[in-house]
Amino acid sequence: MACLIELGYSITQQQEYEFFADREGFELDFHTDFFAEYLFNRQERYHDAINSPFEHARESEEEKLTYYLTDDYYYLYSLLHTVKHFETAGCGIRRILDLYFLKKAYENRIDTAFINSVIDEHGFRDTVSKLFAIEELWFEGKETELDISEAVKDIVTSGNHGNEDIFIRNNVRKDIESGVRFPKLRRIYNFIFPSYDYICEGYPECRERGYSLHRARLYRVFATLKKFSFSHALSNIKKIIKSK
């Protein structure tokens, strides 16, 4: 971050695994890991599948302090990044088009057996199959026997990074699949009284300042008031109740 500040950027947001830098309206988004180890209570699958970039990167022989991902890990991260967005809150049409170009550019350069082993080991097969079925239908004209109706609707209506309605619905569904009792009530409780790790993901200064869970929750409330209104919070609670 110090280098960016010296170049005239201002740090507009800072989280534990991500920060944003802006200069004259041009914003950069930096991640310090492929996937945060803890995010939205659901990030472990992605983090376990592919974590620290420098574990998989190769140092350039020509450029100092420059590292490049191998083809396998570039493909895998690009694919799972789209999967993460889709499973969390939806992903837009552009990301499906990205899969088309990704496949065309790398299908003869990657270790397919390795990629498939990671997908299967970490439970991504169903989502990956649906996303590629949609990609092949839209951009290659191939029919599919998979039921992709809801997935198509989510993609068309979710914008580039998904939306709040899909995010809430998917999280309630995951709670049900995980056997959580009274999932909607549990989700409302977690929304009002989030865990310490969840708070620190959005407000890392709480951990840096050594705040207790109680103080961190109060800090989040007052910080949230600056960004949203209570009507927005009530709207989220209503979406949880109506989700199915």
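Structure: above.
Mind showing me how you'd approach a nonpolar patch on the surface here?
A cluster of nonpolar residues, Ile93, Trp138, Phe139 and Val156, forms a patch on the protein surface that exposes about 330 Å² of accessible area. Position of Val156 relative to the elements: it lies in helix 8 (residues 149–157).

How should helix 5 (residues 93–106) be read in this particular structure?
Structurally, the α-helix is built with 3.6 residues per turn, so residues lying three or four positions apart point the same way. Taking 1.5 Å per residue, 14 residues should reach 20 Å; helix 5 reaches 20 Å between its end C-alpha atoms and fits that length. What helix 5 keeps buried is the set Arg95, Ile96, Leu99, Leu102, Lys103 and Tyr106. Looking straight down helix 5, one finds its buried side chains confined to an arc of 110 degrees; they lie on one side. The inward-facing, buried residues of helix 5 contact helix 4 (71–88), helix 7 (125–140) and helix 8.

Looking at this model, I keep getting lost on the sheet that holds strand 2 (residues 18–23). Mind explaining?
Sheet strands line up and pair through hydrogen bonds in the backbone, either parallel or antiparallel. Reading across from one edge, 1-2-3 is the order of the 3 strands in this open sheet, with antiparallel pairing throughout. The open sheet is flanked by strand 1 (10–14) and strand 3 (26–31), the only strands paired with a single partner. Within the sheet, the average angular offset between the axes of one strand and its neighbour, ignoring direction, is 25 degrees. Bridge analysis of strand 2 against strand 3 gives 6 bridges, and the strand direction is antiparallel. Opposite Phe20, over in strand 3, you have Asp29 as the bridge partner.

Reading guide: rules and limits
Residues numbered from 1 in each chain as written. Predicted model: local features only at pLDDT ≥ 70, side-chain atom pairs only at ≥ 80, totals over all residues. Heavy atoms only, no water. Patch = residues over 30% accessible without salt bridge, like charges linked within 9 Å, V, L, I, M, F, W, Y side chains within 5 Å. Areas by Shrake-Rupley, 256 points an atom, 1.4 Å probe, with all protein chains shown as cover. Salt bridge = Lys/Arg side-chain N within 4 Å of Asp/Glu carboxyl O. Helix = DSSP H or I, 4+ residues; strand = E, 2+ residues; numbered from the N terminus. Expected span 1.5 Å × (residues − 1). Buried < 20%, exposed > 50% of the residue type's maximum accessible area, 1.4 Å probe, protein only. Arc of directions from axis to C-beta. Contact = heavy atoms within 4.5 Å. Pairing = 2+ DSSP bridges. Axes fitted to C-alpha atoms, helices over the stretch in contact; angles between N-to-C directions.

Read these as geometric descriptors, not functional statements.
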